[in-house]
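# Secondary and tertiary structure notes
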Amino acid sequence: MTAEQSLVNEIAISKKRPKRCRPILFTVTISLLLCLISWKYFFHQSVDEQLAAIEAARAIPDSENAAILYDQLHKDYNDIALPHHFVNQYYPTRMQPWFSKDYPELASWYKERKEITANLLQINKYEKCRFTILKFREDFFTKIDRLRTVRVIAFYLIRLANNDIAENRIEKGLEKYICAIRIGRHNRQQPFIISYLTGITIESLALGRMRYCILHSDLTEEHVQTIKKALTQSDEEQTQNWEDMLTVENLHAKQTPLLNRLKAWLQNWQNQGSKFDIAHEIYTRLLADRHGNQILILLRNYKDKTDHWPKSLDELKPLADKDTLIDPQNNCPFIYKTTEDDFILYGIGPNKIDEGGRFLTEEGDDWPIWPRKIPQTD
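Keep in mind that this is a model prediction, so the values were computed, not measured.

Here the focus is the overall build of the chain. Of regular secondary structure, the chain possesses 14 helices and five strands. Within the chain, the fraction of its 378 residues that count as buried is 43%. Partitioning the intrachain contacts of the chain with sequence separation of at least 6 by distance along the chain shows that 69% fall at a separation of at least 24. Surface summary for the chain: the accessible area is close to 21,900 Å², and the carbon and sulfur share equals 55%.

Fine structural detail should not be taken from predicted coordinates in areas where pLDDT scores are low. With 80% of its residues at a pLDDT of at least 70, the chain reaches an overall mean of 85. The spread of mean pLDDT over the elements of the chain runs between helix H13 (residues 258-269), the lowest at 57, and helix H9 (residues 170-188), the highest at 98.

It is worth spelling out a nonpolar patch on the surface at this point. Among the surface-exposed residues, Phe 140, Phe 141, Ile 144 and Ile 194 lie close enough to one another that they form a single nonpolar patch of about 380 Å² accessible area. The biggest single contributor to the nonpolar patch is helix H8 (residues 140-166), with three residues. Secondary-structure assignment places Phe 140 in helix H8. For Phe 140, a relative accessible area of 40% translates into the label partly exposed.

Moving on, we come to helix H14 (residues 275-306). With 32 residues, H14 should reach 46 Å at 1.5 Å per residue; the first-to-last C-alpha distance of 46 Å fits that figure. Downstream of H14 by a residue or two, Asp 307 has a phi angle that is positive, lying close to 70°.

Right, let's get into the nonpolar core. Within the largest apolar cluster, 54 residues are counted, with the highest numbers of intra-cluster contacts made by Ile 227, Ile 295, Leu 296, Leu 299, Leu 313, Phe 343 and Leu 345. Residue contacts for Ile 295: discarding those within four places in its chain leaves Leu 313, Leu 316, Thr 324, Leu 325, Phe 334 and Leu 345. In this structure, Tyr 77, Ile 80, Trp 98 and Leu 121 belong to the second largest nonpolar core, which totals 31 residues.

What follows deals with the environment of Lys 229. For Lys 229, the location among the structural elements is in helix H11 (residues 221-230). When its relative accessible area of 67% is taken as the criterion, Lys 229 is described as exposed.

A few words now on unusual backbone geometry. In the segment running from Trp 370 into Pro 371, the intervening peptide bond is cis, with an omega of -10°. Of note, Asp 323 is a non-glycine position whose phi angle comes to about 75°, a positive value. One can find Asp 323 in the loop between H14 and strand E1 (326-327).

Strand order in the open sheet formed by three strands is E3-E4-E5, and the pairing between neighbours is antiparallel. The open sheet has two edge strands with one neighbour each: strand E3 (335-338) and strand E5 (367-370). Direction aside, the axes of adjacent strands within the sheet are offset by 20° on average. The pairing of E3 with strand E4 (residues 343-347) spans four bridges and is antiparallel.

Scoring rules and cut-offs
Residues numbered from 1 in each chain as written. Predicted model: local features only at pLDDT ≥ 70, side-chain atom pairs only at ≥ 80, totals over all residues. Heavy atoms only, no water. Helix = DSSP H or I, 4+ residues; strand = E, 2+ residues; numbered from the N terminus. Buried < 20%, exposed > 50% of the residue type's maximum accessible area, 1.4 Å probe, protein only. Contact = heavy atoms within 4.5 Å. Areas by Shrake-Rupley, 256 points an atom, 1.4 Å probe, with all protein chains shown as cover. pLDDT = per-residue confidence, 0-100. Patch = residues over 30% accessible without salt bridge, like charges linked within 9 Å, V, L, I, M, F, W, Y side chains within 5 Å. Salt bridge = Lys/Arg side-chain N within 4 Å of Asp/Glu carboxyl O. Expected span 1.5 Å × (residues − 1). Core = buried A, V, L, I, M, F, W, Y, C linked by side-chain atoms within 4.5 Å. Pairing = 2+ DSSP bridges. Axes fitted to C-alpha atoms, helices over the stretch in contact; angles between N-to-C directions.

Okay, here's the thing in structure tokens:
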């Protein structure tokens, strides 16, 4: 056989090889696709099964479940949401005490809703709230709709409580503040980070508005004990809320597109902090708010007995519970300074640097307790 013939034969054989390999490649490709589809099916089935198990473990009777009441209150959303033309005009009333004579139109609006207010305050009767654990993505808008409803209920109550406190209806005002705190904690019982953060925001707002009442209202000992009770929450409950949220969010994360997961991993790797790190940091601010209000109660009692503010927080140590004077954000003491006729109280934030009470909007990370700065709106 000549060299030319050998070359021709080799070319002919090489042309036949792909035809022989095609069935094998086709079979391998189909097998891989079937494996991928099967893996995806069983993987999602596993996630669904885990979520169902969590749902079952969280189940409580309807008679104890505030979620049932929230769903009933949802129908009143348009009646409890402040009219659009009121929002900026009456923003200060959400942030500080206000008198009916100064805002007669708003006072009249609330007066027409006495029955709705009574229904909202039924929330105080429920310690637990268990909405159904929603599916990833499919029920996203349902989740947002629920959050919008609970936010508007909380703001409705806080604004009305501010009016009660200004006009010395202390018991009624505290009832509404405490109901808003309850709403915040109900939100943190839902195992989603957006609900968790919304719950922190609502409770923090209620605690902040309660401070004027603590320092300047005619409180009885019964009022003080009511406030103290509202500032406590069991470590077991807080831990369980956090663990449930981590579990469900991580299960949902497994169903997110791979690119999104890689972005989250990269963000964490670059020390920008994961969403859980950020949520935990914000939660420690809420704990700082609770400690701050407890300190205000001690300061008020000291002032009532001595007719002056203490020179330092060290004078409160014999009266304070363990760790009350310590900022949970950093395990450092709160900063306390007296002024001519008042005082300043704040935490130095996660960076542990005293920046004179300047918060994020002022290029600092201190956390002010008193006086509470009120954001300005246009």
